[in-house]
Amino acid sequence: MFNFALRRFALAALILFVAVTLMFLMIRAVPGDPVQIMLGPRATPELQARLTAELALDQPIWRQLVIFYGNMMQGDLGTDVFSGRSVTQIVFQQLPFTLELIFASILWSAALGIGLGAYAAAHPNTLIDRSVAVLSVSFVAAPAFVVALLSLLLFAVQLQWFPAIGVGDGFWERLDHLVLPAFAIGLSWVGYIARLVRASMLEVLGEHHIRTARAFGLSERRIVMVYALRIAVLPVVTVIGVGMGFLLSAAVFAEIVFARPGLGKLVIDSITTRNYPIVMGSVLISTGLFVISTAVADLVNAWLDPRARTST
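In every chain, residue numbers begin from 1 and rise along the written sequence. Where totals are concerned, whole chains, interfaces and linings use all residues; where local detail is concerned, this predicted model gives features only for residues with pLDDT of at least 70, and gives and counts side-chain atom pairs only at 80 or more. In computing side-chain values, all of the structure's heavy atoms are included and hydrogens and water are not.

K.L.:
Mind showing me how you'd approach unusual backbone geometry here?
P.N.:
For residues that are not glycine, phi is negative in most cases, and the peptide bond is trans in most cases. The phi dihedral of Asn125 falls on the positive side, at around 60°, and the residue is not glycine. Helical segments are the DSSP runs of H or I of at least four residues, strand segments are the runs of E of at least two, and each set is numbered from the N terminus. Within the secondary structure, Asn125 is located in the loop between α5 (87-122) and α6 (127-141). The phi angle at Gln160 is positive, at roughly 55°, despite the residue not being glycine. Summarising the element assignment, Gln160 is placed in the loop between α7 (144-158) and α8 (171-205).

K.L.:
For this particular structure, what's the right way to read the environment of Leu22?
P.N.:
Here Leu22 shows up in helix α1 (residues 2-29). For the exposure calls, accessible area comes from a 1.4 Å probe over protein chains only, and a residue counts as buried if that area is under 20% of its type's maximum, exposed if over 50%, partly exposed in between. Judged by its relative accessible area of 47%, Leu22 is partly exposed.

K.L.:
Any chance you could explain α1 here in plain terms?
P.N.:
Along an α-helix, residues three or four apart share an orientation, since each turn contains 3.6 residues. Along its 28 residues, α1 runs 41 Å from first to last C-alpha, staying within 8% of the 40 Å computed at 1.5 Å per residue. If you check which residues of α1 are buried, you get Phe4, Ala5, Arg8, Ala12, Val20, Thr21, Phe24 and Ile27. In this analysis, the expected span of each helix is defined as 1.5 Å times one less than the number of residues it contains.

K.L.:
What should I look at first to understand the packing of helix α9 (residues 208-215) against helix α10 (residues 220-232) in this one?
P.N.:
Packed helices, taken two at a time, are described by the angle between their axes plus the distance between the axes. With axes taken as lines fitted to C-alpha atoms, and helix axes fitted only over the stretch in contact, angles between N-to-C directions fall between 0 and 180 degrees. One can describe the packing of α9 onto α10 by two numbers: an axis separation of 10 Å at closest approach and a directional angle of 160°. On the basis of their axis angle, the class for α9 and α10 is roughly antiparallel. Where α9 crosses over α10, the handedness of that crossing is right-handed. Seen from α9, the contacting residues are His209, Ile210, Ala213 and Arg214; seen from α10, they are Glu220, Ile223, Tyr227, Ala228 and Ile231. Note on residue categories: nonpolar means Ala, Val, Leu, Ile, Met, Phe, Trp, Tyr, Cys or Pro, charged means Asp, Glu, Lys or Arg, and polar means any other residue, Gly included. Class assignment of the residues belonging to the contact of α9 with α10 gives a composition of six nonpolar, one polar and two charged. Oblique is the label for any angle not covered by the other classes, which are roughly parallel (under 35 degrees), roughly antiparallel (over 145) and roughly perpendicular (65 to 115). Should the near helix be turned anticlockwise from the far one by less than a right angle, the crossing is left-handed, and should it be turned clockwise, the crossing is right-handed. Any two residues having at least one pair of non-hydrogen atoms within 4.5 Å are treated as being in contact.

K.L.:
Looking at this structure, I do not really get the pattern of salt bridges. What am I missing?
P.N.:
Where charged atoms from two side chains of opposite charge approach closely, those side chains can pair. Put simply, a salt bridge is a Lys or Arg side-chain nitrogen that is within 4 Å of an Asp or Glu carboxyl oxygen. Counted by the stated rule, this structure contains three salt bridges. Residue Glu100 is joined to Arg174 by a salt bridge in which the shortest nitrogen-to-oxygen separation is 3.0 Å. Of this pair, Glu100 sits in helix α5 while Arg174 sits in helix α8, and the two are 74 residues apart along the sequence. With a shortest N-O distance of 2.8 Å, Arg198 and Asp129 are connected by a salt bridge. Remark: Asp129 occurs in helix α6 and Arg198 occurs in helix α8; sequence separation between them is 69 residues.

K.L.:
What is the right way to look at a nonpolar patch on the surface in this model?
P.N.:
Nonpolar side chains collect at one region of the surface, where Leu11, Leu14, Ile15, Phe17, Val18, Leu22 and Met26 lie side by side and expose about 640 Å² of accessible area between them. Along the polypeptide, Val18 turns up in helix α1. Within this analysis, patches are made of residues with over 30% relative accessible area and no salt bridge. Like charges are joined at 9 Å or less; nonpolar side chains (Val, Leu, Ile, Met, Phe, Trp, Tyr) at 5 Å or less. All accessibility values rest on the Shrake-Rupley procedure with a 1.4 Å probe; residue burial counts only the protein chains present in the view.

K.L.:
How do you make sense of the nonpolar core when you look at a structure like this?
P.N.:
Where a protein is soluble and globular, its nonpolar side chains tend to be buried together. Here, nonpolar core refers to any group of buried Ala, Val, Leu, Ile, Met, Phe, Trp, Tyr and Cys residues whose side-chain atoms link them within 4.5 Å. Core analysis: the biggest nonpolar cluster contains 39 residues, and Leu101, Ile114, Ile185, Ile193, Val197 and Met201 have the highest contact counts within it. Counting residues per element, the ones that place at least two in this core are α5, α7, α8, α9, α10 and α11 (234-257). Looking at this core element by element, the count peaks at twelve residues for α8. When near neighbours in sequence (up to four residues on either side) are disregarded, Met201 contacts Ala118, Ala121, Val224, Ala228, Leu229 and Ala232. Judged by nonpolar contacts, the second largest core, of 21 residues, contains Leu77, Ile90, Leu263 and Leu266.

K.L.:
Would you explain the packing of aromatic side chains in this entry?
P.N.:
Where two aromatic rings form a pair, the distance of their centres and the angle of their planes describe that pair. Two rings from Phe, Tyr or Trp (for Trp, the six-membered ring) form a pair when their centres sit within 6.5 Å of each other. Planes less than 30 degrees apart are called stacked, planes more than 60 degrees apart edge-to-face, and all others tilted. Tallied over the entire structure, the rule returns eight aromatic pairs. Consider the rings of Phe155 and Phe183, whose centres lie 6.3 Å apart with planes at 85°: the pair is edge-to-face. You can see Phe155 sitting in helix α7 and its partner Phe183 sitting in helix α8, a full 28 residues away along the chain. Put simply, the rings of Phe17, Phe24, Phe68 and Tyr69 pair up and form one aromatic cluster.

K.L.:
Any chance you could explain the environment of Ala148 here in plain terms?
P.N.:
Among the secondary structure elements, Ala148 is positioned in helix α7. For Ala148, a relative accessible area of 1% puts it in the buried group. Considering only alpha carbons, one finds Ala148 and Leu202, 54 residues apart in sequence, at a separation of 33 Å. Dropping the residues within four chain positions of it, Ala148 is found in contact with Ala184, Val257 and Phe258.

K.L.:
Before we go on, may I ask you to explain the packing of α6 against α8 in this structure?
P.N.:
Closest axis-to-axis distance for the α6/α8 pair is 7 Å, and the angle between their directions is 135°. Taken together, the axes of α6 and α8 are oblique relative to one another. In this structure, α6 meets α8 at a crossing whose hand is left-handed. Counted together, Asp129, Ala133, Ser136, Phe139 and Val140 of α6 and Leu187, Ser188, Val190, Gly191, Tyr192, Ala194, Arg195 and Arg198 of α8 form the full contact between these two elements. Per-class residue counts for the contact of α6 with α8 are seven nonpolar, three polar and three charged.

Put into structure tokens, the structure is as follows:
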């Protein structure tokens with residue numbers, strides 16, 4: 001298990017390096033003068049030259065990349081052009097809001113999706129199974145930004161059950177502000193996970209060890225909960241790990257619609273002003289989150305199923 005974890009984290013570091021390098025090059029390839037856009041048309045040539053030197057934009061692209069990685073290894077992601085604050089400080093101030101939104105979304109959607117999928121698989125071809133199938137496909141087909149807008153209009157404006165914007169203060173108020181954004185992001189994942197668990201469960205329920213358990217007279221509930229669900233849930237762990245990237249992108253819509261602070265909103269605001277240090281810092285942290293989540297998902301898979309440790 002230790003060797004598998006070592007190999008997996010080495011691969012994660014390589015993926016992070018390639019992804020951040022590509023993003024760095026793509027940002028630099030955007031046409032237009034970023035210094036002029038950041039400072040505006042009234043900026044003096046001296047001010048433009050000073051900012052160009054500070055951002056190392058007058059250096060060759062390879063040297064800019066070396067400088068970026070050199071600073072990153074020292075924990076320095078640069079300085080915000082407009083506020084003069086540390087990028088690391090700004091990004092890590094926004095990160096908890098995005099993380100709590102993502103974890104709340106995946107938590108409720110995984111709990112409901114696994115329950116629905118397992119129940120549907122245990123009662124195949126019944127009215128409940130077909131109802132779960134219809135609901136799952138409907139959830140998957142609903143885009144996150146549409147769900148966000150409709151839930152905002154219905155539950156916040158019309159019914160006034162939940163607050164419409166902001167994050168609130170204190171635990172219960174923050175939880176109250178989290179309900180609608182987490183609902184909007186997690187709804188489609190309920191459908192994905194339910195369909196995945198149902199298909200996986202049906203396959204596992206036909207295995208020899210399940211038939212043996214039934215032959216020994218074990219209760220159907222024990223067979224499903226103890227012997228089948230543990231194996232059937234393995235694909236879900238992998239999907240959730242990979243899904244972190246999709247959740248990060250979906251969080252952008254939720255943060256904009258519900259006027260929440262977070263990494264997604266920070267990236268969008270920074271891109272419109274061509275604030276390179278903030279964009280690169282946010283992308284680095286987001287990519288790191290995605291890579292780490294997939295690595296952790298692989299480790300959980302290897303812990304649940306030892307055969308996965310020798311498959312890579």
